[in-house]
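Structural overview
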Amino acid sequence: MKKLEFLMLDLKSYYNSPAYQLGLLVAYACTEEVVKERINFRFSEHPRPQPAQEIAEKILDLQVDVVAMSNYSWNYKKI
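Reading the values: the criteria
Residues numbered from 1 in each chain as written. Predicted model: local features only at pLDDT ≥ 70, side-chain atom pairs only at ≥ 80, totals over all residues. Heavy atoms only, no water. Pairing = 2+ DSSP bridges. Helix = DSSP H or I, 4+ residues; strand = E, 2+ residues; numbered from the N terminus. Axes fitted to C-alpha atoms, helices over the stretch in contact; angles between N-to-C directions. Contact = heavy atoms within 4.5 Å. Buried < 20%, exposed > 50% of the residue type's maximum accessible area, 1.4 Å probe, protein only. Salt bridge = Lys/Arg side-chain N within 4 Å of Asp/Glu carboxyl O.

**Topic: the sheet that holds strand E2 (residues 39-46)**
Pairing is parallel across the open sheet formed by three strands, whose spatial order is E2-E1-E3. Edge positions in the sheet fall to E2 and strand E3 (66-69), since each of these pairs with one other strand and no more. Going from strand to strand, the sheet's axes swing by 25° on average, the running direction of each strand aside. Judged from the eight bridges that link them, strand E1 (residues 4-11) and E2 form a sheet pairing that is parallel. Each bridged residue has a counterpart across the sheet, and for Leu4 the counterpart in E2 is Ile39. Helix-sheet contacts for helix H3 (residues 52-62) involve E1, E2 and E3, and the interaxial angle to E1 is about 165°.

Put into structure tokens, the structure is as follows:
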């Protein structure tokens, strides 16, 4: 069976930091055997000044099944 491809997308604000919250979600999800067997998680981070169109094109190029985005008070307009 082909694994589902999940993209964990982090739209950066002013600070360059790892996608901690998305990493926590993946770590927790991977405590379930069925998740580890059926889902492949990938991460993608994009800096604040990157145009939304460019980000969308990169996501489409990855051909993933599911996209999960971090959402904060400082990036909700971009999302």
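On we go from here.
**Some words on the pairing of E1**
Within E1, seven of the eight residues are buried, leaving the element largely enclosed by the surrounding structure. Sheet analysis places E1 next to E3, joined by four bridges and oriented parallel. Bridging from a neighbouring strand, Leu7 pairs with Val67 of E3.

**Details of the pattern of salt bridges**
If you walk through the whole model with that rule in mind, you get four salt bridges. We note a salt bridge from Asp65 to Lys2, for which the minimum N-O separation is 3.8 Å. Of this pair, Asp65 sits in the loop between H3 and E3 while Lys2 is found in the segment before E1, placing the two residues 63 residues apart along the sequence. For Asp65, a relative accessible area of 43% gives the class partly exposed. Residue classification places Lys2 among the exposed residues on the basis of a relative accessible area of 63%. Between Lys58 and Glu54 there is a salt bridge, and its shortest N-O distance comes to 3.8 Å. Here Lys58 and its partner Glu54 are both found in helix H3, four residues apart, which amounts to about one turn of the helix.

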